[in-house]
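The chain contents come next:
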Amino acid sequence: MTNFSRIIGTGSYLPERILTNEELAGRVDTSHDWIVERTGIYERRIAAPDQTTCDMAEIAAQRAMETAGVGADDIDLIVLATCTPDRVFPSTACLLQERLGIQGGGAFDVTAACAGFIYAFATADNFIRAGAAKRALVVGAETMSRVIDWNDRGTCILFADGAGAVVLEQSDEPGVYSTHLHADGRYKDLLAVPGWVSPDYNDQPAPSPFMTMQGNEVFRVAVGSLGDVVLEALKANGLERSDVDWLIPHQANIRIIQAIARRLRLSMEQVVTTIETQGNTSAASVPLALDTAVRDGRVKPGELLLLEAFGGGFAWGSALVRF
Ligand code: ACO
């Protein structure tokens, strides 16, 4: 018997605080119109000062488990994607496991910046396919506001906080048709938070604890790589562009999303965008977009979803899913 995995529940969480473009324009040299025109973002959510990645992951995970109709005893694997963990270790997945009262199975973090959820999803899918897990909680959660230099107009306008989660369960039929992961470490310096666990910097200045990004270069490579990876997913499954019901992309920039929709010959009506009100929540953006579209009734059981994301590393990937 072949094992597949399928999504049996989704959930998400956004912090209450809304940060508008106007507020940012009061802080750095930018404007509401520039941000909307170049990124598609109108506003974004920012975590409260005492709120952590695990706090947001907990609520998103509870909501996903609730819609899946599963309890703590039913989960035998937690894979959590974040590049803004609560601690260096233990992993945020272990902190989340304790919060949710889950015991026994494996729990670990995956770090692939904005591609993190696709990496976590692919990992959990492969565990289930291999028969090593039956029911996995897959989470993307980020507090990007903590690694943003709020004086850098090239990054502070883009990033935001939030969490999304899915429950994946073993199934005789897909479910998840395929996942494809890629990385190219030669681009390590174009998008990074250079400082953290540090060597001895006694003789030299420590690297920045804030994000640095060469936005236009990232943009160029992202459009090419994502265009290729979505077509790779269809080809691997013998499917046509017209078979896709929904593109659920990482929410980095509306112009990147539009470019990928064009490569797939999809109208924007078939693309789930949340960037307008959520900004770029890194590893949380794909499960946040998925949960938003499930809850508002756009994504329905049986539809074919193409998930994709691109981020620091560079790391990128896709997942093709029958919902
Ligand atoms: N407001 C006003 N002007 C600005 C701003 C701003 N916030 N930011 C940059 N500019 C200026 C620049 O200084 C430049 O001015 P100049 O022509 O006088 O030099 C001009 O606008 C154009 O700059 P570009 O960087 O070429 O602008 P671009 O259209 O590329 O937009 C942006 C910048 C929005 C950052 C875009 O490049 C982008 O979205 N890049 C991709 C980001 C991304 O996908 N990241 C990957 C995932 S993130 C992760 O993994 C953590």
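Residues numbered from 1 in each chain as written. Predicted model: local features only at pLDDT ≥ 70, side-chain atom pairs only at ≥ 80, totals over all residues. Heavy atoms only, no water.

Trainee: Quick one: what's the story with the overall build of the protein chain, residue by residue and with numbers?
Mentor: Of the regular secondary structure elements, the protein chain holds 10 helices and 13 strands. Taken over C-alpha atoms, the radius of gyration comes to 19 Å for the protein chain, in line with the 20 Å a tight globule of 323 residues would show. Looking at the 323 residues of the protein chain, the share that counts as buried comes to 54%. Once local pairs closer than 6 in sequence are excluded, the contacts in the protein chain between residues at least 24 apart make up 76%. (Helix = DSSP H or I, 4+ residues; strand = E, 2+ residues; numbered from the N terminus. Rg over C-alpha atoms; globule rule 2.2 N^0.38 Å. Buried < 20%, exposed > 50% of the residue type's maximum accessible area, 1.4 Å probe, protein only. Contact = heavy atoms within 4.5 Å.)

Trainee: Now, about the domain arrangement of the protein chain: what can you tell me, with residues and values included?
Mentor: Under the domain assignment, the protein chain is made up of domain 1 (4-172) and domain 2 (177-322). With 55 residues of domain 1 at the interface, the matching set in domain 2 holds 47 residues. Regarding the contact of domain 1 and domain 2, the summed buried area is about 3700 Å², with carbon and sulfur atoms giving 68% of it. Linking domain 1 with domain 2 are zero salt bridges, by the criterion used here. Linking domain 1 with domain 2 are 16 residue pairs in polar contact (both at pLDDT 80 or more), by the criterion used here. Contributions of two or more residues to the side of domain 1 that touches domain 2 are made by strand S1 (4-13), helix H2 (32-39), strand S3 (43-46), helix H3 (53-68), helix H5 (116-129), strand S6 (135-143), helix H6 (153-156) and strand S7 (161-171). A total of nine residues in the side of domain 1 that touches domain 2 trace back to one element, the largest contributor, which is H5. Taken together, the residues that form the side of domain 1 that touches domain 2 break down as 28 nonpolar, 13 polar and 14 charged. (Domains from an automatic or database assignment. Buried area = accessible area lost by both parts, 1.4 Å probe. Salt bridge = Lys/Arg side-chain N within 4 Å of Asp/Glu carboxyl O. Polar contact = N/O pair within 3.5 Å; in protein donor to acceptor, adjacent residues only side chain to side chain. Nonpolar A, V, L, I, M, F, W, Y, C, P; charged D, E, K, R; others polar.)

Trainee: Describe a nonpolar patch on the surface, and please don't skip the residues or the numbers.
Mentor: A cluster of nonpolar side chains, contributed by Val88, Phe89 and Val197, occupies part of the molecular surface with about 370 Å² of accessible area. By relative accessible area, Val197 is classed as exposed at 66%. (Patch = residues over 30% accessible without salt bridge, like charges linked within 9 Å, V, L, I, M, F, W, Y side chains within 5 Å. Areas by Shrake-Rupley, 256 points an atom, 1.4 Å probe, with all protein chains shown as cover.)

Trainee: Give a detailed account of the environment of Thr155, specifying residues and quantitative values.
Mentor: Mapped onto the elements of the fold, Thr155 is located in helix H6. Spatially, the C-alpha atoms of Thr155 and Gly11 are 27 Å apart, while their sequence positions differ by 144 residues. In this view, Thr155 contacts Ile148, Asp149, Met211 and Met213; residues no more than four positions away in its chain are not counted. There is a polar contact of 3.0 Å between the side chain of Thr155 and the side chain of Asp152.

Trainee: I'd like a description of the nonpolar core, backed by residues and values.
Mentor: Core analysis: the largest hydrophobic core is formed by 44 residues, its most contacted members being Leu264, Leu306, Phe310 and Phe314. Secondary structure elements with two or more residues in this core: helix H7 (215-236), helix H8 (254-263), strand S12 (304-311) and strand S13 (315-322). Sort the elements by how many residues they give to this core and H7 lands first, with eight residues. If you count residues domain by domain, this core takes at least three from each of domain 1 (4-172) and domain 2 (177-322). In contact with Phe310, not counting residues within four places along its chain, are Cys114, Ala115, Val218, Val221, Ala222, Ser225, Leu226, His250, Ala315 and Trp316. (Core = buried A, V, L, I, M, F, W, Y, C linked by side-chain atoms within 4.5 Å.)

Trainee: Before we move on, can you summarise unusual backbone geometry with the specific residues and values?
Mentor: The omega torsion of the bond from Phe89 to Pro90 falls at 0°, within 30 degrees of zero and hence cis. Turning to its location among the elements, Pro90 is positioned in the loop between strand S4 (77-81) and helix H4 (92-100). A cis amide bond links Pro174 to the next residue, Gly175, at an omega of 15°. Residue placement: Gly175 occurs in the loop between S7 and strand S8 (176-183). Of note, the phi angle at Arg265 is positive, near 55°, even though the residue is not glycine. You will see that Ser282, though not glycine, has its phi angle at about 55°, which is positive. Along the chain, Ser282 falls in the loop between helix H9 (275-278) and helix H10 (285-295). A relative accessible area of 1% means that Ser282 is categorised as buried.

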